[in-house]
Amino acid sequence: MNANVKFTPEEQQRLLDAELAGKFPDARGRFGPYGGRYVPETLIPALERLEAGMREHLPREDFQRELAGQLESWVGRPTALSYAPRLSAAWGAEVWFKREDLAHTGAHKINNALGQALLAQRLGAKRIVAETGAGQHGVASAAACARLGLPCTVYMGAIDMERQAPNVGRMRLMGATVVPVTGGDQTLRSAIDEALRDWVSDPNGTFYLLGSAVGPHPYPVLVRELQSVIGREARTQYLKRQGRLPDAVFACVGGGSNAIGMFHPFVADREVAIIGVEAGGRGTGLGQNAASLSYGWPGVLQGCYSLLLQDENGQIHETDSISAGLDYPGVGPEHALLLSAGRVQYESATDDEALAALQECATLEGILPALETAHALHGAKRWAARNPGRQLLLCMSGRGDKDMPTLQRTLLADQGGAR
Amino acid sequence: MKPHERLSAAIRKGAAGGEPAIVAFLTAGFPEAKKFREHLTAVAAGADVVEIGVPFTDPMADGMTIQRSSQAALKQGVSLRWILAELGAMQRPAAPLVLMSYLNPLLQYGYERLAADAAAVGVCGFIVPDLPFDEGDDLRAALRMAGVALVQMVTPVTMPERLARVCAASEGFVYAVTMTGTTGKSVEVPDSVLEYLARVRAASPVPVCAGFGIRSAAQARDLRGTVEGAVVGSALVEVLERGEDPTAWLRALRGG
Ligand SMILES: Cc1ncc(COP(=O)(O)O)c(C=O)c1O
């Protein structure tokens, strides 16, 4: 466990009890000590409207009916639960995938983008802004906005535009305006800063469609609610197929949206181990990875109090990961809580481990996972080695087509390039 | 006088002639860390209050100019610790000093130590753009122990009931943001903004300073009679960036 996070067993139990009782987020948008709303005063009315709108519309039957209808007929839900026979044989444990890579636009991001876009429409938004790292949230936002007839602007770091080039073209074809961000670290963090600046300029007419379980309240809970469809479906499907629950559940953690969506419906199942896998990059030193739950300590970034990769002066540190979607120095506040409460274990996989896992999954299962997902695959493989014969369920958060520029430079270069 | 009272008094005194007092902003250590003391002294000579920007990696409320100045200062190793040490080592100007910082550097420094260390080097207040009123209790309480102000911001979209609450809790002055947006753009001061500023002033027990987008003498003049002070930020940072004389520029801004 992260040495910077210290809670007594009694405190851990209290946090877990509150989480299980559905007490988080509390009235102040907190998950225990984490979360909150640290934004410029200009955004406060917009966040209050968003929170009120979420509470009003999300539980309504007509909203849920519309969302469920679009998820079924347009996104392609429920996504499949797949048994992975050859990986199971290779790893010595039973391996199951929840196939978010089969969702429309190729990743779990569409669950949240569609839900928020529907909410935006009901709240009378005139335009949507979004940030994107791997481009999957940008593509999902562009698609949902095209579907609903809303103008969409996506901010994307210049480095990410290059390494996830296929997704830039997809967003543009679906009518979104993609704005390169050249300030800051030119990855996901700078894209969020720039999207926030856009939103501050027009907080009444613009809806900020945030793509992960991060940011100011109510985004972490809104994104969790919209992504929990992953874990709810997976749990039901698994029970139906196996007549029991898996021994362990895995997901990769960037901001933490696919992970919280997968984990949340399993948190109360005490017999199920839950494991999140972060980007270990090139090593354990500050600046060499993006593993904020493993190495970070508490601080405030982009609207919320959570674990951050930072220096002793409180400056946010640059991160390093082969995977654009995990390359972020913070993490959603509910993951910080689940770590603090001792309910979820967080570990990391390095760039090389993720690449090897991607290769293995592609050749043995005929599934090319996203580089983000490949981190979870490595974590699952490591667990399987220690738990022979047991059963694991992994969130296959997305497909790897978008990663071809990186794969050409790495795995395919080692194999003599693309030819 | 407590530090927060010195701050209010300096603004009232600066506004006594009718023109708004000038709150002048510079990013600490920009363009050159080794000229910080010299720049601070020169800016203070033309201003009623000096707002010193603590650079941060993710200045989400700031436009291009302050993003650029913050990054350049960070590259030179500027930090909150360094700024406080510089202030402690120099002949400090008569104008009260305010630190503008995003929350995380303050949080990592530790609020209690911050309040004591800042007060010891003449800092009278803090402006924290990503700390809205509701999240400010801990910092406000720590600063209050040292008599240092936590300056609250209000904006044109702040609801009347909240505006009243925020103004009532503000110390030093109330920072009335003139527009929805980031720093650095240029704003007109149309009647609707003046009307909003007048509302803020009516609600505030401490002086009101308008800021964001104020770049010219004409804009400062438009504020006369409505608020007690005007904050100039990006435009002054650009003056320093171009190597011009900030004292002369600030005097011209006051119209002579
Ligand atoms: C396929 C895939 N998985 C995971 C992530 C990481 O995001 P999160 O942690 O919010 O699920 C991304 C982000 O872009 C992604 O595209």
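Residues numbered from 1 in each chain as written. Chains lettered and ligands numbered in written order. Predicted model: local features only at pLDDT ≥ 70, side-chain atom pairs only at ≥ 80, totals over all residues. Heavy atoms only, no water.

> Describe the overall build of chain A, with residues and values.
A count of helices and strands for chain A gives 18 helices and 14 strands. Relative to the globule expectation of 22 Å for 419 residues, the C-alpha radius of gyration of chain A, 20 Å, shows essentially globular dimensions. Each principal axis of the C-alpha atoms in chain A carries an extent, and together these give about 60 × 55 × 50 Å. Relative to its 419 residues, chain A shows a buried fraction of 66%. In chain A, of all internal contacts separated by at least 6 residues, the share reaching a separation of at least 24 is 74%. Here chain A displays about 13,800 Å² of accessible surface, and carbon together with sulfur accounts for 51% of that area. (Helix = DSSP H or I, 4+ residues; strand = E, 2+ residues; numbered from the N terminus. Rg over C-alpha atoms; globule rule 2.2 N^0.38 Å. Buried < 20%, exposed > 50% of the residue type's maximum accessible area, 1.4 Å probe, protein only. Contact = heavy atoms within 4.5 Å. Areas by Shrake-Rupley, 256 points an atom, 1.4 Å probe, with all protein chains shown as cover.)

> Give a description of the domain arrangement of chain A that names residues and reports values.
Residue and element names in this part refer to chain A. Annotation of chain A at the domain level lists domain 1 (29-70 + 109-224) and domain 2 (77-107 + 228-414). Centre-to-centre separation of domain 1 and domain 2, based on C-alpha positions: 22 Å. Across the boundary between the two partners, domain 1 contributes 43 residues, which contact 49 residues of domain 2. Buried area between domain 1 and domain 2, both sides added, is near 3,400 Å², and the carbon and sulfur share of it is 57%. Broken down residue by residue, the surface that domain 1 buries against domain 2 is led by Tyr34, Arg163 and Arg224, which jointly contribute 23%. Joining domain 1 to domain 2, the criterion identifies three salt bridges. Summed over the shared surface of domain 1 and domain 2, the number is 20 residue pairs in polar contact (both at pLDDT 80 or more). Of all the secondary-structure elements, those providing two or more residues to the side of domain 1 that touches domain 2 are β1 (30-31), β2 (34-38), α5 (109-122), α6 (136-148), α7 (158-163), α8 (165-173), α9 (188-201) and α10 (219-227). Its residues assigned to classes, the side of domain 1 that touches domain 2 comprises 20 nonpolar, twelve polar and eleven charged. (Domains from an automatic or database assignment. Buried area = accessible area lost by both parts, 1.4 Å probe. Salt bridge = Lys/Arg side-chain N within 4 Å of Asp/Glu carboxyl O. Polar contact = N/O pair within 3.5 Å; in protein donor to acceptor, adjacent residues only side chain to side chain. Nonpolar A, V, L, I, M, F, W, Y, C, P; charged D, E, K, R; others polar.)

> I'd like to hear about the packing of aromatic side chains, residue by residue, with values.
To describe a pair of aromatic rings, you give the distance between the ring centres and the angle between the ring planes. Going through the model one piece at a time under the given rule, you end up with eleven aromatic pairs over all chains. Measuring from centroid to centroid gives 6.0 Å for Tyr175(B) and Phe212(B), while their planes differ by 90°, and the two rings are edge-to-face. With a gap of 37 residues between them, Tyr175(B) in strand β6 (residues 174-177) and Phe212(B) in the loop between β7 (208-211) and α10 (217-222) connect regions that are remote in the sequence. Grouping residues by exposure puts Tyr175(B) and Phe212(B) together as buried. Counting every residue linked through ring pairs, the aromatic cluster contains Tyr83(A), Trp96(A) and Tyr238(A). Directly above the ring of Tyr109(B) sits Arg113(B), whose terminal nitrogen or CZ lies 4.2 Å from the centroid. (Phe/Tyr/Trp six-rings, centres within 6.5 Å; stacked < 30°, edge-to-face > 60°. Lys NZ or Arg CZ within 6 Å of the ring centre and 35° of its normal.)

> Residue-level account of the sheet that holds strand β5 (residues 127-132) of chain A, with values.
Strands pair in a sheet through their backbones, by hydrogen bonds, and they do so in one of two ways: parallel or antiparallel. Residue and element names in this part refer to chain A. One open sheet holds the four strands; their spatial order is β7-β6-β5-β8, and the pairing between them is parallel. In this open sheet, the two edge strands, each paired with only one partner strand, are β7 (177-181) and β8 (206-208). Put simply, the sheet's adjacent strands are angled 25° from each other on average, direction ignored. (Pairing = 2+ DSSP bridges. Axes fitted to C-alpha atoms, helices over the stretch in contact; angles between N-to-C directions.)

> Any chance you could break down the packing of helix α6 (residues 111-120) of chain B against helix α7 (residues 137-145) of chain B for me, citing the residues and the numbers?
All names here are of chain B. Running from amino to carboxyl end, α6 crosses α7 at an angle of 40°, the nearest separation of the two axes being 8 Å. The orientation of α6 with respect to α7, classified from their angle, is oblique. Here α6 and α7 pass one another in a crossing that is right-handed. Along the contact surface, α6 presents Tyr111, Glu112, Leu114 and Ala115, while α7 presents Asp138, Leu139, Ala142 and Leu143. (Parallel < 35°, antiparallel > 145°, perpendicular 65-115°, else oblique. Left-handed = near helix turned anticlockwise from the far one by under 90°.)

> Describe the interface of chain B and chain A, with residues and values.
Listed as interface residues are 35 residues of chain B and, on the opposing side, 38 residues of chain A. Of the roughly 2,900 Å² buried between chain B and chain A on both sides combined, carbon and sulfur atoms contribute 49%. Of all residues in chain B, Asp58(B), Met60(B) and Glu135(B) bury the most surface against chain A, accounting for 23% of the area lost on that side. Summed over the shared surface of chain B and chain A, the result is four salt bridges. Here Asp58(B) ties to Arg189(A) by a salt bridge, and the two come within 2.4 Å at their closest N and O atoms. Where chain B touches chain A, the interface holds 21 residue pairs in polar contact (both at pLDDT 80 or more). Elements with a minimum of two residues in the side of chain B that touches chain A: α3 (64-75), α5 (103-109) and β5 (149-154) of chain B. Among the elements that make up the side of chain B that touches chain A, the one with the highest residue count is α5(B) (five residues).

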